[in-house]
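This is what each chain is made of:
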Amino acid sequence: MSTPRFLIFGFVALVLQGALSQLGLPVVVLPQLMLLVVIGAAFSGSTVPGVISAFLLGIVLDLSSAVLVGPWAGAFVTVYAGLALVSQRLFLESGLVAAFVALVAAIVAGTFFALLSPHSDLAALEHVVQIFGQAAVTAALAPWLVAVVAKPGQRRMATSVRNSSSLSAA
Amino acid sequence: MARVLLGITDRFSARGQVIGTAIALLCVSFLLTAYSSRHPEVAQVGSVVVGEAVAPFGSALEAAKDGTSAAWSRYVHLSGVSIENDQLKQRLARAEGDLASMSEIGRENARLRELLRFSSEAGVAGVAASVVGSDPSGWVRGALINRGTSSGVDIGMAVVTPQGVIGQVVAASPDTARVLLITDHSSGVDAIVQSSRVRGVLQGAGASGCELRFVTKDAAIKLGDLVVTSGLDRVYPKGLVLGTVAALSSSGPGLFQAVSVKPSADVQRAEEVLVVGVPKHLDPSIPGGASR
């Protein structure tokens, strides 16, 4: 995915996420739309500009809270790098895989943020519920939103490269 | 075969670059986190840019939401009318829409009147503002208001409603400001219990409201006691209502009792607020204040 496309999707996700929050949606069921953009970008093929864009999106999300800079940036980079490591072993076309990846990624990102931020406490049940609740909602939306974000051509290419690699190995 | 192997090698080296960059950026994020926790002005300055960029979209979505709810109310009210009365339905729909929007304006008017009355009764002059956004991540209990430095709103000012205190301004741009709510875990307010004058620090506890910290076990507090600002933190004017004591427990270990406080104001759902107090940079009692 091209860097401008990635950043535009990220900005739209930020606005929508803010709007959902403003509508009074309980934080437990607030989907991590920006994280889905990061997952979609990683599914399209992991690149150095991609990981830098993930970092920048995290910084923007951090800045939108005006308190601490860094936790979301670190969480997004971790998720992007993690997906870069495993994406070739995943059947990216499957919605179930996208949902599972989003579930794990949202738990990892939420935990990462909770560990670094003074606004959360992993010992508090409220925050553990929040991490898992948000992860479940994010996972439920993943099959559709990741498909919109990830460029189909690139996803197919990634799959075909993986298949050709498997054939060569065989 | 060689081409395939070369391709795989290239992919591995590309992946290595991504991982290497990610590790470097992860280190940067740790350093930024550590630095910004000691220097909050970094986040405040950066958030000005983000706030200015996002605020117009937030306001537009808010307007769209109002329009949608008006259209929905029209639809609901007309669902039983027969198709022959189409023209009448349209007129009725328009009237219903107008009524809905007038009713909304009326409610907003009432809230603003209450805000003005509170401002004059409490003797606190301030800037009236509307809440136009909240924290998108859901982890920080914050709000975005539509008044900034051009209206006299600045960092360190208190944000209140007639029902009670909402929070304080932590970042301000010319047209918007970010508010950290009193229910956020990193928020603290110097508070006193009105009846017994027992002092403590009101700390945010997320969804469960707030906790009054550092109250010794022998302090005379009872359920329903009103907790107000002490004014000693130089952020919140003295005597503003924070909340009421909702639960008490002295059974735990340590010197202090656990005091849960239910905020008087609905901090998550406030729509019109008043920003009061003196900006930090103009406060002569703060070292370095009044120098900017």
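As a reminder, the structure under discussion sits directly above these lines.
What this report covers is the structure whose coordinates are included nearby. (Residues numbered from 1 in each chain as written. Chains lettered and ligands numbered in written order. Predicted model: local features only at pLDDT ≥ 70, side-chain atom pairs only at ≥ 80, totals over all residues. Heavy atoms only, no water.)

## Digging into the sheet that holds strand 1 (residues 126-134) of chain B
Residues and elements named next belong to chain B.
Now for step 1: Spatially, the 6 strands close up into a barrel ordered 1-2-5-4-3-12, and their pairing is antiparallel. Averaged over all pairs of adjacent strands, the angle between their axes in this sheet comes to 45°, without regard to strand direction.
Now for step 2: For strand 3 (residues 158-161) and strand 4 (residues 164-172), the ladder comprises 4 bridges, and the chain directions are antiparallel. Counted as the bridge partner of Ala158 is Gln168 from strand 4. (Pairing = 2+ DSSP bridges. Helix = DSSP H or I, 4+ residues; strand = E, 2+ residues; numbered from the N terminus. Axes fitted to C-alpha atoms, helices over the stretch in contact; angles between N-to-C directions.)

## So, a nonpolar patch on the surface
Residue and element names in this part refer to chain A.
Now for step 1: On the surface, a cluster of nonpolar side chains totalling about 380 Å² of accessible area is made up of Leu25, Val28, Val29, Leu125 and Val129.
Now for step 2: Here Val129 is to be found in helix 6 (residues 125-149).
Now for step 3: Look at Val129 and you get partly exposed, because its relative accessible area is 39%. (Patch = residues over 30% accessible without salt bridge, like charges linked within 9 Å, V, L, I, M, F, W, Y side chains within 5 Å. Areas by Shrake-Rupley, 256 points an atom, 1.4 Å probe, with all protein chains shown as cover. Salt bridge = Lys/Arg side-chain N within 4 Å of Asp/Glu carboxyl O. Buried < 20%, exposed > 50% of the residue type's maximum accessible area, 1.4 Å probe, protein only.)

## Section: the sheet that holds strand 6 (residues 188-193) of chain B
Residues and elements named next belong to chain B.
Now for step 1: The strand order 6-7-8-11-10-9 describes a closed barrel built from 6 strands, whose pairing is antiparallel. With direction set aside, neighbouring strand axes in the sheet form an average angle of 40°.
Now for step 2: Pairing analysis gives 4 bridges linking strand 7 (residues 199-204) to strand 8 (residues 210-213), with the strands arranged antiparallel. Its bridge partner being in strand 8, Leu202 is matched across the sheet by Leu212.

## Some details on the environment of Ser151(B)
Residues and elements named next belong to chain B.
Now for step 1: Residue placement: Ser151 occurs in the loop between strand 2 (142-145) and strand 3.
Now for step 2: Residues Ser151 and Thr176 lie 25 residues apart in sequence; the distance between their C-alpha atoms is 9.3 Å.
Now for step 3: Sequence-distant contacts of Ser151, that is, excluding residues within four places in its chain, are made with Val127 and Pro174. (Contact = heavy atoms within 4.5 Å.)

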